[in-house]
Amino acid sequence: MIILLLGAPGAGKGSISNILKEKYHFFHISTGEIFRKVINASTDIAKKLKSIMLSGGLIDDDTTNEIVKNELMELSNKNLNIVLDGYPRNINQANFLSKIVKVDYVFDILVDEQEIMKRITGRRTCPVCKSIYNIYYHKPQKEGVCDYDGSLLVQRNDDKEDVVVERFKTYLALNTPLVEYYKQQKIYYPIVNENLDKAIGEIKKIIG
Ligand SMILES: [Zn+2]
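Keep in mind the model is a prediction, meaning the values are calculated, not measured.

> Is there a simple way to explain the coordination of the zinc ion in this structure?
Reference geometry at the metal: tetrahedral coordination by four donors gives ideal angles of 109.5 degrees; octahedral coordination by six donors gives 90 or 180 degrees. The zinc ion binds to the protein through Cys126 (SG), Cys129 (SG), Cys146 (SG), Asp149 (OD) and Asp149 (OD); the donor distances cover 2.2 to 2.6 Å. All donor residues of the zinc ion come from one chain, and their arrangement in sequence is C-x2-C-x16-C-x2-D. Placement of cysteine 129 in the loop between strand S5 (123–125) and strand S6 (132–134) and of cysteine 146 in the loop between S6 and helix H7 (161–184) is noted, with a sequence separation of 17 residues between them. A residue is classified by how much of its surface remains accessible, and cysteine 129, at 33% relative accessible area, is partly exposed. What makes cysteine 146 buried here is its relative accessible area of 3%.

> Honestly, the layout of surface pockets in this entry has me stumped. Any pointers?
Left-over empty space is what a probe sized like a water molecule reveals as it rolls over the atoms. There is about 1,100 Å³ of room inside the largest pocket. Around the largest pocket, the lining is made up of 38 residues, and of these Thr31, Gly32, Gly86, Tyr87 and Arg89 lie nearest the centre. Looking at the lining of the largest pocket, the elements with two or more residues in it are strand S1 (2–7), helix H1 (13–24), strand S2 (27–30), helix H2 (31–38), helix H4 (61–76) and H7. In terms of residue count, the dominant contributor to the lining of the largest pocket is H7 (six residues). Its residues assigned to classes, the lining of the largest pocket comprises 14 nonpolar, 17 polar and seven charged. The space that makes up the second largest pocket amounts to roughly 390 Å³. What lines the second largest pocket is a set of 17 residues, and nearest its centre among them are Pro9, Gly10, Arg119, Ile120 and Arg123. At the level of secondary structure, the elements contributing two or more residues to the lining of the second largest pocket comprise H1, helix H6 (113–121) and S6. Looking at which element gives the most residues to the lining of the second largest pocket, the answer is S6, with three residues.

> What is the right way to read the pattern of salt bridges from this model?
If the charged atoms of two oppositely charged side chains come close together, the side chains can form a pair. Considering all chains together, one arrives at eight salt bridges under this definition. In this structure, the salt-bridge partner of lysine 47 is aspartate 44, at a minimum N-O distance of 3.9 Å. Remark: aspartate 44 and lysine 47 occur in helix H3 (residues 44–54); sequence separation between them is three residues, near one turn of the helix. Between aspartate 159 and arginine 123 there is a salt bridge, and its shortest N-O distance comes to 3.1 Å. You can see aspartate 159 sitting in the loop between S6 and H7 and its partner arginine 123 sitting in strand S5, a full 36 residues away along the chain.

> Sorry if this is basic, but what is going on with the environment of isoleucine 45 here?
One can find isoleucine 45 in helix H3. A relative accessible area of 14% places isoleucine 45 in the buried class. Between the C-alpha atoms of isoleucine 45 and valine 192, which are 147 residues apart in sequence, the distance is 37 Å. Here isoleucine 45 is in contact with Val38, Thr63, Glu66 and Ile67, once residues within four sequence places are set aside.

> I'm lost on the pairing of strand S3 (residues 82–85) in this one. Help?
Consecutive side chains of a regular strand alternate in pointing toward one face of the sheet and then the other. On S3, burial covers both faces: Ile82 and Leu84 on one face and Val83 and Asp85 on the other are all buried. Relative to S3, S1 runs parallel, the two being bridged by four bridges. Directly across from leucine 4, in S3, lies its bridge partner leucine 84. Sheet analysis places S2 next to S3, joined by four bridges and oriented parallel. The residue of S3 that forms the bridge with isoleucine 29 is leucine 84.

> It is not clear to me how the side chain of asparagine 193 should be interpreted in this structure. Could you clarify?
With respect to the helices and strands, the residue asparagine 193 is situated in the loop between strand S7 (188–192) and helix H8 (196–207). The buried category is assigned to asparagine 193, whose relative accessible area is 4%. Here the side chain of asparagine 193 touches alanine 11 through a polar contact of 2.9 Å, landing on its backbone oxygen. Those residues in contact with asparagine 193, other than ones at most four positions away along the chain, are Ala11, Gly12, Ile16, Ile109, Leu110, Val111, Arg119 and Ala199.

> So what exactly am I meant to see when it comes to the pairing of S1 here?
With respect to burial, S1 is a largely interior element, six of its six residues being buried. Here S1 shows two buried faces, one formed by Ile2, Leu4 and Leu6 and the other by Ile3, Leu5 and Gly7. Sheet topology places S1 next to strand S4 (residues 105–110); five bridges connect them, and they run parallel. Its bridge partner lying in S4, leucine 6 is registered against aspartate 108.

Reading guide: rules and limits
- Going along each chain's sequence as written, the residues are numbered from 1 onward.
- For a predicted model such as this one, the threshold for reporting local features is a pLDDT of at least 70, and the threshold for listing and counting side-chain atom pairs is 80 or more; totals across whole chains, interfaces and linings nevertheless cover every residue.
- Side-chain measures here rest on the full set of heavy atoms in the structure, leaving out hydrogens and waters.
- As a rule, N, O and S atoms within 2.8 Å of a metal are its donors, except that Na, K and Ca use 3.2 Å; water is not among the atoms, so sites may look incomplete.
- Helix and strand definitions here come from DSSP, where helices need a minimum of 4 consecutive H or I residues and strands a minimum of 2 consecutive E residues; each element is numbered from the N-terminal end.
- Categorising residues by exposure relies on relative accessible area from a 1.4 Å probe, with only protein chains included: less than 20% of the type maximum marks a residue as buried, more than 50% marks it as exposed, and the intermediate range marks it as partly exposed.
- Method remark: on a 1 Å grid restricted to protein atoms, a set of points is classed as a cavity if a 1.4 Å probe fits but cannot get out and as a pocket if it is open with protein on both sides within 12 Å along at least five of seven lines; lining residues have an atom within 4 Å of a point.
- Grid points are joined across faces, edges and corners, and a volume is the space filled by probe spheres set on the points.
- When residues are grouped by polarity, Ala, Val, Leu, Ile, Met, Phe, Trp, Tyr, Cys and Pro land in nonpolar, Asp, Glu, Lys and Arg in charged, and all others, Gly among them, in polar.
- The rule for a salt bridge is simple: a side-chain nitrogen of Lys or Arg has to be within 4 Å of a carboxyl oxygen of Asp or Glu.
- Should any heavy atoms of two residues lie within 4.5 Å, those residues are counted as being in contact.
- Two strands qualify as a pair provided that DSSP identifies no fewer than 2 bridges between them.
- Pairs of N or O atoms are called polar contacts if they sit within 3.5 Å, as long as, within protein, a hydrogen donor faces a hydrogen acceptor (for residues adjacent in sequence, only side-chain-to-side-chain pairs).

Structure below.
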């Protein structure tokens, strides 16, 4: 079985993938992880990927497709249940995917936009021990200071409000056509992620 997770950055795709992996033995494919894995190999595609990443460029669809295909072929031969997260990102990738495997379910993980903003813009990290806090949900004992080593907490540039708003816009522009695409194929399921256990329960009910 192959399932896809769609959802804005911060919607909880990572947590859902982890539960599917740990509790239900799904094999988790995230493009971020594959890229990190591939880059350490000594293949032609690894060299290409490395040069794109070093120059700070976006990884083009053809390269992404080829890398995901290699990974998927290896796994689908073994008849595993797979959860894909972060791919496809656009219609071009979705078309490519539909040619190589049959996707069974597409879950769109939905959370309130304000909620996402709080999850991301509230995040603070300790530069020393890498502990993660959130000024709304998981405050340090003393404001702005790490509980473990007293270091001053920092906000990543990526987590700043204007950056997040921009990322969200880009996400919507790419995701909306994907939603339509999978609705037409009747494999699209919106999942409201107000509560992780409830969201997982809904997914379980659908996949049986
Ligand atoms: Zn710390």
